[in-house]
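Each chain is listed here by its residues.
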Amino acid sequence: MIQLIRGFKDILPEESALWQHIENTARALFEDFGFREIRPPVLEKTELFKRSIGEDTDIVEKEMYTFPDRKGDLLTLRPEATASVVRSYIQHKMYAADPIRKMYTIGPMFRRERPQKGRYRQFYQINAEVFGEASPYIDAQLIFMLVSLFEKLSVTDSNVHINSLGCPECRPDFRKALSELLESRKKQLCEDCIRRSERNPLRVLDCKVPSCREAVSDAPSIIDYLCPACAAHFDTVQEMLVKQNVRFEVDKRLVRGLDYYTRTTFEIQTGALGAQSAVAGGGRYDGLVEALGGPSQPAIGFAIGLDRLVEIVTLNQESLAKHPMVFIAALGDEGIRNAWLWSNDLCMAGIRTEVDFSGRSLKSLMKRADKVNASYVMIVGESELKEGSVVLRDMKTKEQHTFSMDNLVENLKTFLYQ
Ligand code: HAM
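Quick caveat, the model's predicted, so the values are computed rather than measured.

Basis of the calculations
Residues numbered from 1 in each chain as written. Predicted model: local features only at pLDDT ≥ 70, side-chain atom pairs only at ≥ 80, totals over all residues. Heavy atoms only, no water. Pairing = 2+ DSSP bridges. Helix = DSSP H or I, 4+ residues; strand = E, 2+ residues; numbered from the N terminus. Axes fitted to C-alpha atoms, helices over the stretch in contact; angles between N-to-C directions. Contact = heavy atoms within 4.5 Å. Phe/Tyr/Trp six-rings, centres within 6.5 Å; stacked < 30°, edge-to-face > 60°. Buried < 20%, exposed > 50% of the residue type's maximum accessible area, 1.4 Å probe, protein only. Lys NZ or Arg CZ within 6 Å of the ring centre and 35° of its normal. Near = heavy atom within 4 Å. Polar contact = N/O pair within 3.5 Å; in protein donor to acceptor, adjacent residues only side chain to side chain. Areas by Shrake-Rupley, 256 points an atom, 1.4 Å probe, with all protein chains shown as cover. Nonpolar A, V, L, I, M, F, W, Y, C, P; charged D, E, K, R; others polar. Domains from an automatic or database assignment. Core = buried A, V, L, I, M, F, W, Y, C linked by side-chain atoms within 4.5 Å. Arc of directions from axis to C-beta. Salt bridge = Lys/Arg side-chain N within 4 Å of Asp/Glu carboxyl O.

The next subject is the sheet that holds strand S3 (residues 65-68). In space, the three strands of this open sheet follow the order S2-S4-S3, with antiparallel pairing throughout. What marks the edges here is a single partner per strand, and that holds for strand S2 (43-45) and S3. Taking each pair of neighbouring strands and ignoring which way they run, the sheet shows an average axis angle of 35°. The sheet contact formed by S3 and strand S4 (residues 74-77) spans four bridges and is antiparallel. For tyrosine 65, the partnering residue across the bridge sits in S4 and is leucine 77. Packing of helix H2 (residues 46-53) onto the sheet brings it into contact with S2, S3 and S4, and relative to S2 it is tilted by some 75°.

Another point: the packing of aromatic side chains. Taken as a whole and judged by the stated rule, the model has 16 aromatic pairs. On the basis of an interplanar angle of 50° and a centroid distance of 6.1 Å, the ring pair of phenylalanine 30 and phenylalanine 35 is categorised as tilted. With relative accessibility at 3%, the residue phenylalanine 35 sits in the buried group. Aromatic side chains phenylalanine 33 and phenylalanine 144 sit 6.4 Å apart centroid to centroid with 65° between the ring planes, which places their arrangement in the edge-to-face category. One end of the pair, phenylalanine 33, is in the loop between helix H1 (13-32) and strand S1 (36-37); the other, phenylalanine 144, is in helix H6 (residues 136-152), with 111 residues separating them in the sequence. By the ring-pair criterion, three or more aromatic residues cluster together here, those being Tyr89, Tyr95, Phe131, Tyr260, Tyr261 and Tyr285. Its end group placed over the ring of tyrosine 120, lysine 9 keeps NZ or CZ at 4.0 Å from the ring centre.

For the rest of this paragraph, the subject is the site of the ligand. Close to the ligand lie 27 residues; Glu80, Glu113, Glu129, Tyr261 and Ala278 are nearest. A distance of 2.9 Å separates an oxygen atom of the ligand from a polar side-chain atom of arginine 256. Within the backbone of glycine 301, a nitrogen or oxygen atom sits 3.5 Å from a nitrogen atom of the ligand. Against a free-state accessible area of 670 Å², the protein chains account for coverage of 96% of the ligand. Examining the composition of the shell around the ligand, we find that six residues originate from one element, strand S10 (residues 278-284), more than from any other. Along the lines of polarity and charge, the residues of the shell around the ligand split into 11 nonpolar, nine polar and seven charged.

Here the protein chain is described as being made up of domain 1 (13-170 + 226-317) and domain 2 (323-413). Look at where the C-alpha atoms of domain 1 and domain 2 centre, and you get two points 48 Å apart.

One non-glycine residue with positive phi stands out, namely asparagine 245, at about 60°. Structurally, asparagine 245 can be placed in the loop between helix H10 (228-243) and strand S8 (249-250). By relative accessible area, which is 67% here, asparagine 245 ends up exposed. Of note, the phi angle at lysine 398 is positive, near 70°, even though the residue is not glycine. Within the secondary structure, lysine 398 sits in the loop between strand S15 (389-394) and strand S16 (400-404).

One finds Ile22, Phe30, Phe150, Phe302, Ile304 and Leu309 to be the most contacted residues of the largest nonpolar core, which totals 47 residues. Beyond its immediate stretch of four places on either side in the chain, isoleucine 304 contacts Phe30, Tyr124, Gln125, Ile126, Leu146, Leu149, Phe150, Val279, Ala280 and Leu309. With 41 residues, the next largest nonpolar core counts Ile53, Leu258, Tyr261 and Val289 among its residues.

On to the side chain of glutamate 63, then. Here glutamate 63 shows up in helix H3 (residues 58-63). Once you skip the residues sitting within four places of it in the chain, glutamate 63 turns out to touch Asp58, Phe110, Arg111, Arg112 and Glu113.

Buried residues of helix H16 (residues 408-416): Leu408, Val409, Leu412, Phe415 and Leu416, and no others. Across the axial projection of H16, the buried residues extend over an arc of 130°, all falling on one side. On the buried face of H16, the contacting elements are strand S12 (325-330), helix H13 (332-348), strand S14 (376-380), S15 and S16.

Attention shifts here to the pattern of salt bridges. Within this structure, the stated rule accounts for 25 salt bridges. A salt bridge links arginine 39 to glutamate 37; the nearest nitrogen and oxygen atoms lie 3.1 Å apart. Classification of arginine 39 by relative accessible area gives exposed; the value is 68%. Relative accessible area serves as the criterion here: at 29%, glutamate 37 is assigned to the partly exposed category. One salt bridge in this structure joins glutamate 198 and lysine 186, with 3.5 Å as the shortest N-O distance. Linking glutamate 198 in helix H8 (residues 191-199) with lysine 186 in the loop between helix H7 (171-184) and H8, this pair joins segments that are 12 residues apart in sequence. Residues joined in a network through salt bridges with shared partners are Asp58, Glu61, Lys62, Asp192, Arg195, Arg196, Arg203, Asp206 and Lys208.

Structural data, given as structure tokens:
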């Protein structure tokens, strides 16, 4: 038997209602905040991710699904969506008509990480990106929108972490100070961090290896190195979050795993998922549009790990409201024929309806109704057909209601939606 690839998974019909609930809640909220959907492809030229995410990141170094196509062009299954949205913004010259664009996208991403709970090789993200807005108010509003989505989904165990990574003007000073510290503590660092400390020292702050954590426990804080403009920007973000009653903590270790970030970065973390604590992450990337060949336009965005969110929403949410479901227990040929016609009409009228066409006994049909969790069973047997009426049984209260076969669909509709 052919099994799925390690780290990949099926989202089964029993699970998809929750996924849809989360996606629909996000769509509705984001559209109210002025976002519109964009759907970029899942396959892009490898170069796009190398240039945006950064050659020295874990993602580009060891996690991308990259392969040559039949002509030898190097292609990559997207490990994230931001690079594609930026490419699209530039390619379609979206900035020309109106540089301010708010877009969201929902879809699968691919990273060849070591699979474990909350970490998959194909996973899903809900992304939101804003272009053309440099103001810190947009940073705070985006964080507020993200937190509001979590609230709407009744996620309680989550914390907002924020930091600023400065800009090309102030970051080099911090990088230098950090490099000096790392150089003096080289012996304590893991192999990856020894390499990182030369090429991308900020990433060492994010390493989970205990000896590396120890080595940077008293590392300088980037916030002390911010230039006046970056410091003022970060102050305003915090001030507005406080005004809006968004609780957050400033986390000087929050450096994120992608190289394009500038200024504000943030994550939503939860204790409910073990080691994979980040449910969402994002930040400003003011230099990326220009770096990928577009005009100089600021930008900011975030991505929610949908698989992780599904896991914590399941924990918090007992059951999702479902439409009532009618099961028609039809007996005999004529009963089944009538049931077939009625069920089509009921489905078209927006009433979830199922029929069993097997011609089994009433007893086994009732068992099946239980199995499919029917809220109502409509019995259509010989005597019902003779009398020209059907009985609808409420499976919860056991109450029975009789309906004439004339105008049946209309009357059922009124009854079920009253
Ligand atoms: P990221 O932090 O790499 O950021 O990913 C965002 C979220 O995707 C994570 O917080 C996590 O919930 C989820 N995630 C990442 N990897 C996996 C995995 N292997 N399995 C399950 N979930 C995963 C980005 O991707 C940026 N593009 C976010 C962004 C948008 N920044 C600006 N705009």
